[in-house]
Amino acid sequence: MPEVPEPMRVMGIVNVTPDSFSDGGRFLHADAAVAHGLRLVAEGADLLDIGGESTRPGATRPLVEEELARVVPVIRELAAAGAVVSVDTMRAEVAAAAVAAGATIVNDVSGGLADPAILDVVAGTGVTYVAMHWRAHGSHMDDFARYDGPGGVVAAVRAELGERLEAIAAAGIAEHQVILDPGLGFAKVGEHNWTLLRDLGWLRELGFPILVGASRKTFLGRLLAGPDGTPRPVGERENAHAAVVLHCAGQGVWGMRVHDVRATRDALAAYAALHPTGALR
Ligand code: PMM
């Protein structure tokens with residue numbers, strides 16, 4: 001009998017921010033954010049990612065106090081309700097408070113570059129750590145979307161994630177705690193994202209579970225642009241995203257970070273019916 005791999009996890013996004021690109025302002029109040037998180041769990045989210053800082057290109061950073069006030073009450077309530085909670089933060093102080101409030105995953109889009117002390121929090125608490133490929137904060141990350149070296153974007157992202165893995169190990173974080181993410185859209189233009197996604201073998205070779213965040217991102221909007229070049233609005237990118245989800249399922253990806261949990265679940269249900277023995281690799 002072929003081994004049946006575990007099904008892909010669905011991480012539902014709860015952005016407690018005034019300015020995230022697709023849902024900014026909708027869940028800024030704790031009650032609305034908690035209700036949204038519970039709805040995502042009811043729709044089939046395996047875990048929830050709670051974030052209080054928008055990382056979109058051009059975004060300005062909130063004060064640490066603001067970020068704490070946004071995410072901690074929401075994490076406390078959702079964890080108490082039984083949800084598996086991840087905190088989307090680059091700050092050690094926020095990560096520590098989030099773990100104390102019940103988060104069991106620290107999703108650091110900077111992979112420890114923005115605030116290296118976050119690695120000590122993860123090492124000290126033993127929680128799971130998502131290390132994403134990142135080069136700079138949103139205010140100027142587009143200036144860093146250049147991959148001119150040999151091997152292009154794949155070689156660069158692989159090498160830079162490798163450097164983060166060295167820092168992660170040096171901080172005393174165990175390998176079983178680590179998940180890697182290629183960081184779609186972070187200091188990357190459309191073609192960089194597509195190149196990274198096309199064959200994720202380069203990332204599987206690093207030997208860690210893989211998380212991918214493609215949901216509603218600009219590269220999907222540009223792919224679906226109208227004849228005048230206007231990107232497809234954020235709310236109308238879901239069908240293209242479902243295709244990316246299924247591609248990632250075939251590539252052995254551990255989990256997808258998504259806004260629309262129900263649509264993702266529907267796509268995965270069809271995939272599971274078509275591939276009962278799991279990923280095609
Ligand atoms: N993308 C965003 C925020 N956090 N975390 C991980 N691990 N991977 C991602 O791709 C990622 C992330 C930006 O998207 P949003 O504004 O919709 O949350």
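One can find the structure itself at the top, above this paragraph.
What you are looking at is a predicted structure, and each value in this text was computed from that prediction instead of being measured.

Draft legend 1. Broad picture of the overall build of the chain. Helix and strand counts for the chain stand at 10 helices and 8 strands. On the principal axes, the C-alpha backbone points of the chain span a range of 50 × 40 × 40 Å. Counting over 281 residues, the chain shows a buried share of 51%. Distance from the positive charge centre (24 side chains) to the negative charge centre (34 side chains) of the chain: 4 Å.

Draft legend 2. Here's a closer look at helix H2 (residues 64-80). The end-to-end C-alpha distance of H2, which contains 17 residues, comes to 24 Å, matching closely the 24 Å that a straight helix rising 1.5 Å per residue would cover. Along H2, the positions that sit buried rather than exposed are Val64, Glu67, Leu68, Arg70, Val71, Val72, Val74, Ile75 and Leu78. One or two positions beyond H2, positive phi appears at Gly82, with a value near 100°.

Draft legend 3. Expanded view of the site of the ligand. Taken together, 15 residues are adjacent to the ligand, and Asp88, Asn107, Asp181, Lys217 and Arg257 come closest. Here Gly213 contributes a backbone N or O atom positioned 3.4 Å from an oxygen atom of the ligand. Here an oxygen atom of the ligand and a side-chain polar atom of Lys217 are 2.7 Å apart. Protein chains shield 97% of the accessible area of the ligand, which is 410 Å² for the free molecule. Residues that form the shell around the ligand fall into these classes: 6 nonpolar, 5 polar and 4 charged.

Draft legend 4. Region of interest: the nonpolar core. Core analysis: the largest hydrophobic core is formed by 77 residues, its most contacted members being Ile50, Ile75, Val106, Cys248 and Met256. Broken down by element, this core gets its largest block of residues, 7 residues, from H2. Core analysis: the next-biggest nonpolar cluster, separate from the first, contains 6 residues, Met11, Leu47, Ile105 and Ile179 among them.

Draft legend 5. The arrangement of the sheet that holds strand S4 (residues 105-108) in detail. Taken together, 8 strands build an open sheet; the order of strands is S6-S5-S4-S3-S2-S1-S8-S7 and the sheet is parallel. Edge positions in the open sheet fall to strand S6 (178-181) and strand S7 (211-212), since each of these has one partner strand only. Helix-sheet contacts for helix H9 (residues 238-250) involve S7 and strand S8 (255-258), and the interaxial angle to S8 is about 160°.

Draft legend 6. Fine view of unusual backbone geometry. Of note in the backbone geometry, Ala187 takes a positive phi value of approximately 55° without being a glycine. As for its placement among the helices and strands, Ala187 is situated in the loop between S6 and helix H6 (190-198). Of note in the backbone geometry, Arg216 takes a positive phi value of approximately 60° without being a glycine. Residue class for Arg216 comes out buried when judged on its relative accessible area of 18%.

Draft legend 7. Structural view of the pairing of S8. Of the two faces of S8, the one carrying Gly255 and Arg257 and the one carrying Met256 and Val258 are both buried. Pairing geometry for strand S1 (residues 9-15) and S8, over 4 bridges, is parallel. Bridge assignment links Val10 to a residue of S8, and that residue is Met256. Sheet analysis places S7 next to S8, joined by 2 bridges and oriented parallel. Bridge pairing in S8 places Leu211 opposite Gly255.

Draft legend 8. View of the pattern of salt bridges. Taken as a whole and assessed by the stated rule, the structure comprises 9 salt bridges. The salt bridge involving Arg61 is made with Glu53; its shortest N-O contact spans 2.9 Å. Overall, the relative accessible area of 7% leaves Glu53 in the buried class. With a closest N to O distance of 2.9 Å, Arg146 and Asp148 form a salt bridge. Looking at Arg146, the relative accessible area reads 58%, which means it is exposed.

Rules used in this analysis
Residues numbered from 1 in each chain as written. Predicted model: local features only at pLDDT ≥ 70, side-chain atom pairs only at ≥ 80, totals over all residues. Heavy atoms only, no water. Helix = DSSP H or I, 4+ residues; strand = E, 2+ residues; numbered from the N terminus. Buried < 20%, exposed > 50% of the residue type's maximum accessible area, 1.4 Å probe, protein only. Lys, Arg positive; Asp, Glu negative; His and termini not counted. Charge placed at Lys NZ, Arg CZ, Asp CG, Glu CD. Expected span 1.5 Å × (residues − 1). Near = heavy atom within 4 Å. Polar contact = N/O pair within 3.5 Å; in protein donor to acceptor, adjacent residues only side chain to side chain. Areas by Shrake-Rupley, 256 points an atom, 1.4 Å probe, with all protein chains shown as cover. Nonpolar A, V, L, I, M, F, W, Y, C, P; charged D, E, K, R; others polar. Core = buried A, V, L, I, M, F, W, Y, C linked by side-chain atoms within 4.5 Å. Pairing = 2+ DSSP bridges. Contact = heavy atoms within 4.5 Å. Axes fitted to C-alpha atoms, helices over the stretch in contact; angles between N-to-C directions. Salt bridge = Lys/Arg side-chain N within 4 Å of Asp/Glu carboxyl O.

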